[in-house]
2 protein chains.
Amino acid sequence: MPTISTPSKIAGTKGYGANVIFSGSTSEEREAVVADVIRDTGATLVPPYDHPDIILGQGTQALELEEQVAEILAAEAKEGSQTTNGERKKTQLDAVIAPLGGGGMLSGIATALQGTGTLVFGAEPSFEGGDDGRRGLAREPPERIESVKTLTIADGLRTPVGVIPWSVVSDKAKVRGVCSVSEEQIKAAMRLVLERMKVMVEPSAVVGLAVVLFDEGFRKLVEEEGGEEGWKIGIVFSGGNTTVEAIGKLFEAPKKEAERAEGILGKNGERVAENVAG
Amino acid sequence: MPTISTPSKIAGTKGYGANVIFSGSTSEEREAVVADVIRDTGATLVPPYDHPDIILGQGTQALELEEQVAEILAAEAKEGSQTTNGERKKTQLDAVIAPLGGGGMLSGIATALQGTGTLVFGAEPSFEGGDDGRRGLAREPPERIESVKTLTIADGLRTPVGVIPWSVVSDKAKVRGVCSVSEEQIKAAMRLVLERMKVMVEPSAVVGLAVVLFDEGFRKLVEEEGGEEGWKIGIVFSGGNTTVEAIGKLFEAPKKEAERAEGILGKNGERVAENVAG
């Protein structure tokens, strides 16, 4: 793990019995350490997203989601709460939206749901070009963007879409579209989930919810295709690797943020310029 | 609601369809507004804890807990995971621990569990005498403490135990004991729940967990009575009315806390003293 990993993520990993070996945070540093470990121990490399087995494994969450949704909709239909006005009874979701970083999860979900009638969408942060998937799809013809350099708060989604995931994400029959949201939209969605749903999520987890709440293009599509009744949408939250300190920093008062930007406050909130009137 | 209520709590209440009327935050101010509303509308007063119906209603959570535990323990017994070494198979919890403020919830739980063999404990914050329940029980003879003035971070537990709840809490056959924890212990328990369990809780919610983790008296009791096997303990978390800003402030760097205490930083982190070197 990179030494800069969230302490709760490191503690959690160790808690499940892992032998954690640390590296620097660039991909070169990581890969060098991995090469050493493989040479010394004969370990097998499990790539984080760019491998068919990983993609298929991540796709099983769509199968679980389908099962849970079928149960919920069956219970609703029994209660009759969804069957007034002669509405058709839905037995499945109209759409699922999931975060898109390296693309292992999204392409797994899309593979699992292909042909079921449930549409699949990806969600990305737009900050500093973090929406490489959406931008690549917008090219004529569509083309994978191979490198991204963004410091979006959705730090789990800073990687470009991998080669194999791209072959799924760029297939219109599998992924209907990719939408992107701003840092402020991600923060607003995160506040909603933390304060009202009481679920601890990291910024990367809520990009799908931010799209559903704020992306005009997506909302217009739902209006056009879902009509009066709208769509039933499954939103994937992944994950929750954050700390109380990170949440405090993310939502600190704008004044302090501005001061930090101006170099009046240092990285940890300490005052670096002297004689500044309060 | 007091005007100083957590914004997410106000929004949540309105979201459930309530007509929210605001008051000042002291009990005198609240009660004056309540008297006006009752006079103008003929409304019925529902007290927050000091009423038998409220206590019995809150007690139903213990019935739900019993049901859920029975299901979990039955599933465990089936898998055989808890039955190695010839251990007796448990079919219920050894103890339940819940936060103690006004005492409606704890006395409801204790009433529901009386005679079941599951012991009931209360948990309080000790800061500035917030542990009025524990202190009242320690008097000879035990006597309810009628007023408390504490600014503990567990702000849901600042009230003294009510008259009717006290009649339950002080009954040894119903509540086995009340333990208290420090502000730092509450924060440590809160960090664990937020960062590892991924559940958004307010400080008041985790006093029971803090007792289980840190209170030496409680831990010794478990050792003495639970032996090698220990106890299966149900811990009640209640509630989750907090904001991202409140969490940020609670866990901010010690340096800033110290500056705030010294009056160098104001309530919102703005610098109030001039010419202070960083």
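Residues numbered from 1 in each chain as written. Chains lettered and ligands numbered in written order. Predicted model: local features only at pLDDT ≥ 70, side-chain atom pairs only at ≥ 80, totals over all residues. Heavy atoms only, no water.

*Asks:* Got a minute to help me understand the packing of aromatic side chains in this structure?
*Replies:* Aromatic ring pairs are defined here through the distance separating the ring centres and the angle between the ring planes. Scanning the entire structure with this criterion turns up six aromatic pairs over all chains. Between Phe121 of chain A and Phe218 of chain A, the ring centres sit 5.1 Å apart and the planes meet at 90°, which makes this aromatic pair edge-to-face. Of this pair, Phe121 of chain A sits in strand E2 (residues 119–125) while Phe218 of chain A sits in helix H9 (residues 216–226); the two residues are 97 residues apart in sequence, bridging distant segments of the chain. Residue classification places Phe121 of chain A among the buried positions, given a relative accessible area of 2%. The buried category is assigned to Phe218 of chain A, whose relative accessible area is 3%. Relative to Trp231 of chain B, the ring of Phe218 of chain B has its centre 6.3 Å away and its plane inclined at 75°; by these criteria the two rings are edge-to-face. With a gap of 13 residues between them, Phe218 of chain B in helix H9 (residues 216–226) and Trp231 of chain B in the loop between H9 and strand E4 (233–235) connect regions that are remote in the sequence. (Phe/Tyr/Trp six-rings, centres within 6.5 Å; stacked < 30°, edge-to-face > 60°. Helix = DSSP H or I, 4+ residues; strand = E, 2+ residues; numbered from the N terminus. Buried < 20%, exposed > 50% of the residue type's maximum accessible area, 1.4 Å probe, protein only.)

*Asks:* Can you walk me through unusual backbone geometry in this structure?
*Replies:* Working note: non-glycine residues mostly have negative phi, and peptide bonds are mostly trans. All names here are of chain A. In this structure, Gly239 follows Ser238 across a cis peptide bond, with omega equal to 5°. Tracing the chain through its elements places Gly239 in the loop between strand E4 (233–235) and helix H10 (244–250). Its identity as a non-glycine residue notwithstanding, Lys198 has a phi of 65°, on the positive side. In this structure, Lys198 sits in the loop between helix H7 (183–197) and helix H8 (207–214).

*Asks:* What is the right way to look at the sheet that holds E4 of chain A in this model?
*Replies:* Within a beta sheet, neighbouring strands are joined by backbone hydrogen bonds and run either parallel or antiparallel to one another. Residues and elements named next belong to chain A. Here we have four strands laid out as an open sheet, ordered E3-E2-E1-E4, and parallel in their pairing. On the outer flanks of this sheet lie strand E3 (177–181) and E4, each paired with one strand and no other. Neighbour-to-neighbour, the strand axes of the sheet open up by a mean angle of 25°, direction not taken into account. Pairing of strand E1 (residues 95–99) with E2 involves five bridges; the strand directions are parallel. (Pairing = 2+ DSSP bridges. Axes fitted to C-alpha atoms, helices over the stretch in contact; angles between N-to-C directions.)

*Asks:* Sorry, what's going on with the sheet that holds strand E1 (residues 95–99) of chain B here?
*Replies:* Residue and element names in this part refer to chain B. Judged by pairing direction, the sheet is parallel, and its four strands sit side by side in the order E3-E2-E1-E4 without closing on themselves. Across the chains shown, the open sheet's two edge strands, defined by having one partner strand only, are strand E3 (177–181) and E4. Taken pair by pair, the neighbouring strands of this sheet meet at an average axis angle of 25°, ignoring direction.

*Asks:* Even after reading the chapter, I still don't get a nonpolar patch on the surface, so can you show me in this structure?
*Replies:* Where nonpolar side chains cluster on the molecular surface, the patch consists of Val34, Ile38 and Leu45 of chain A and spans about 220 Å² of accessible area. For Leu45 of chain A, a relative accessible area of 52% corresponds to the exposed category. (Patch = residues over 30% accessible without salt bridge, like charges linked within 9 Å, V, L, I, M, F, W, Y side chains within 5 Å. Areas by Shrake-Rupley, 256 points an atom, 1.4 Å probe, with all protein chains shown as cover. Salt bridge = Lys/Arg side-chain N within 4 Å of Asp/Glu carboxyl O.)

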